[in-house]
Amino acid sequence: MRWLTASVILIGLVIYYARQKRTVHIAPKDKTSVGSAPTTEEIQSTIGSGDFGKMDTMLEKVRNPLHRHQLLNALVKKAYSERSQPAVRKKLYEYGRRYLDEFDQIAPELKRESDGEGINAPALKSMAIAMEEDGNYQEALAVCDTALKWDLDDGTKSGYDGRIDRIRKKQA
């Protein structure tokens, strides 16, 4: 019975708008509404903005490990470049530790996507350097150990092995 009432109302509305010669426009659902994943384009645009707030908000929406990797790397990179500011240095540690905590879930996806070319995770190198600068040698060593666990290269001649040696010398 209710479907009949609803049908009559709907038909009445259609006839009314047809007589008024108006077009009914139904707005598309917002792609970033609760429950829907942001698109790659939206994520790239957010990263390109360089805005901590926007990237942080996007990070809360993203569940895909590869997208989280991109966002966290971008956040660490931006914070690393501005690390002379105490508030930003705090953000560097926050995002870097978050990335490190998630890296064991992110790395298998990165490895699968890399087709044997190796994983690129510059956030780990940045974190190891910042922690070493601050005298947080144990944390810096833990970052390097994670990088070695996943067979990463930091782009230097001696790699993470050499970085570990240098940190241990400073630690002694």
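Residues numbered from 1 in each chain as written. Predicted model: local features only at pLDDT ≥ 70, side-chain atom pairs only at ≥ 80, totals over all residues. Heavy atoms only, no water.

Asker: Explain the overall build of the protein chain to me, please; I cannot follow it from the model alone.
Answerer: Check the secondary structure of the protein chain and you find eight helices and zero strands. Counting from the amino terminus, the protein chain carries its helices and strands in the arrangement α-α-α-α-α-α-α-α. By residue count, 34% of the 172 residues in the protein chain fall in the buried class. Considering only contacts in the protein chain between residues 6 or more positions apart, those separated by 24 or more positions represent 55%. (Helix = DSSP H or I, 4+ residues; strand = E, 2+ residues; numbered from the N terminus. Buried < 20%, exposed > 50% of the residue type's maximum accessible area, 1.4 Å probe, protein only. Contact = heavy atoms within 4.5 Å.)

Asker: For this particular structure, what's the right way to read unusual backbone geometry?
Answerer: Excluding glycine, a negative phi dihedral is what most residues carry, and trans is how most peptide bonds are arranged. Even without being a glycine, Asp151 presents a positive backbone phi close to 60°. Within the fold, Asp151 resides in the loop between helix 7 (137–149) and helix 8 (159–171).

Asker: Would you take a moment to explain the pattern of salt bridges for this structure?
Answerer: A side chain of one charge can pair with a side chain of the opposite charge when the charged atoms of the two come close. Enumeration over the complete set of coordinates arrives at 12 salt bridges. Glu133 is the partner of Arg89 in a salt bridge, and the nearest nitrogen-oxygen pair spans 2.9 Å. On the criterion of sequence distance, the pair formed by Arg89 in helix 5 (residues 86–114) and Glu133 in helix 6 (residues 122–133) is long-range, its members being 44 residues apart. Here Glu139 ties to Arg97 by a salt bridge, and the two come within 2.8 Å at their closest N and O atoms. With Glu139 in helix 7 and Arg97 in helix 5, this residue pair connects regions lying 42 residues apart in the sequence. Arg97 sits in the partly exposed class, given a relative accessible area of 37%. Through salt bridges with shared partners, a single ionic network connects Arg83, Arg89, Glu133 and Asp134. (Salt bridge = Lys/Arg side-chain N within 4 Å of Asp/Glu carboxyl O.)

None of the figures reported here should be taken as evidence of function without further support.
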